[in-house]
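Examining the three-dimensional arrangement
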Amino acid sequence: MDIFGTTWSQVNETSGLMPDLSRTYPFGIDPAWKGAPNELDFYNSFKMKLSIIFGITQMSVGIFISLANAMAMKRPHSLVNIWFNVVPQIMFLWSIFGYMCFLIFYKWYIDWPHLPPPIPNPPFILPLIINMFLQPSTPPDPLMFPGQHSLHYF
């Protein structure tokens, strides 16, 4: 569905599509991706990232419902359930997967080729998360944001 029109245009018959750098696509996916040579790679990557975001959101809602349930029960072991079940689950979920969701949104938001030190290809998120655990003292290359290495080491 093409609601906002594409931000790409064909200059002449021999050249490919050129972006209109004066504006960005307001919401959703630019229709120019339909029929692009890397269409399948793009859509699969987008669907995977969106599935992670929806999954983390759903798991967070489930944990908060568990918290509401424990608070409503008013039993002596409800505080034990909150402190030894709900709190560790939220801390684990958001310290790893919440950070991954942050990286996904950050990667979508930043205009990588136009950064002060230009980065032609933004870093991949999955190897970054894996190396955060396997090689905590090694700084990621390239850094996505200042202080990222300190955050990984923490």
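Up top is the structure these notes are about.
The structure contained in this document is the topic of the report that follows. All figures in this text were calculated on a predicted structure; none of them were measured in a lab.

Digging into the overall build of the chain
Each helix and strand counted, the chain has four helices and two strands in total. The helix and strand sequence of the chain, counted from the amino end, reads β-β-α-α-α-α. Against the 2.2 N^0.38 benchmark of 15 Å for 154 residues, the chain shows a C-alpha radius of gyration of 21 Å, more extended than a compact globule. Taking the principal axes of its C-alpha atoms as reference, the chain extends roughly 75 × 40 × 25 Å. By the burial criterion, 25% of the 154 residues in the chain qualify as buried.

Looking at the side chain of lysine 49
Its location among the elements puts lysine 49 in helix α1 (residues 39-73). No salt bridge is formed by the buried lysine 49. Its closest oppositely charged neighbour is aspartate 41, at 12 Å. In contact with lysine 49, other than residues within four places in its own chain, are Ile104, Lys107 and Trp108.

Looking at the packing of aromatic side chains
Tallying each qualifying case throughout the model produces nine aromatic pairs. With 5.7 Å between their ring centres and 85 degrees between their planes, phenylalanine 105 and tryptophan 108 make a pair best called edge-to-face. Remark: tryptophan 108 and phenylalanine 105 occur in helix α2 (residues 78-109); sequence separation between them is three residues, near one turn of the helix. Between tyrosine 106 and phenylalanine 145, the ring centres sit 5.7 Å apart and the planes meet at 75 degrees, which makes this aromatic pair edge-to-face. Taken together, the residues tyrosine 106 in helix α2 and phenylalanine 145 in the loop between α3 (125-134) and α4 (148-153) connect sequence positions 39 residues apart. The buried category is assigned to phenylalanine 145, whose relative accessible area is 14%. Each member of the aromatic cluster is reached from another via a ring pair, and the members are Phe42, Tyr43, Phe46, Phe105 and Trp108.

Describing a nonpolar patch on the surface
Among the surface-exposed residues, Leu79, Val80, Trp83 and Phe84 lie close enough to one another that they form a single nonpolar patch of about 510 Å² accessible area. Tracing the chain through its elements places tryptophan 83 in helix α2. The class for tryptophan 83 is exposed, based on a relative accessible area of 54%.

Cut-offs applied
- Residues numbered from 1 in each chain as written.
- Predicted model: local features only at pLDDT ≥ 70, side-chain atom pairs only at ≥ 80, totals over all residues.
- Heavy atoms only, no water.
- Helix = DSSP H or I, 4+ residues; strand = E, 2+ residues; numbered from the N terminus.
- Rg over C-alpha atoms; globule rule 2.2 N^0.38 Å.
- Buried < 20%, exposed > 50% of the residue type's maximum accessible area, 1.4 Å probe, protein only.
- Lys, Arg positive; Asp, Glu negative; His and termini not counted.
- Salt bridge = Lys/Arg side-chain N within 4 Å of Asp/Glu carboxyl O.
- Contact = heavy atoms within 4.5 Å.
- Phe/Tyr/Trp six-rings, centres within 6.5 Å; stacked < 30°, edge-to-face > 60°.
- Patch = residues over 30% accessible without salt bridge, like charges linked within 9 Å, V, L, I, M, F, W, Y side chains within 5 Å.
- Areas by Shrake-Rupley, 256 points an atom, 1.4 Å probe, with all protein chains shown as cover.

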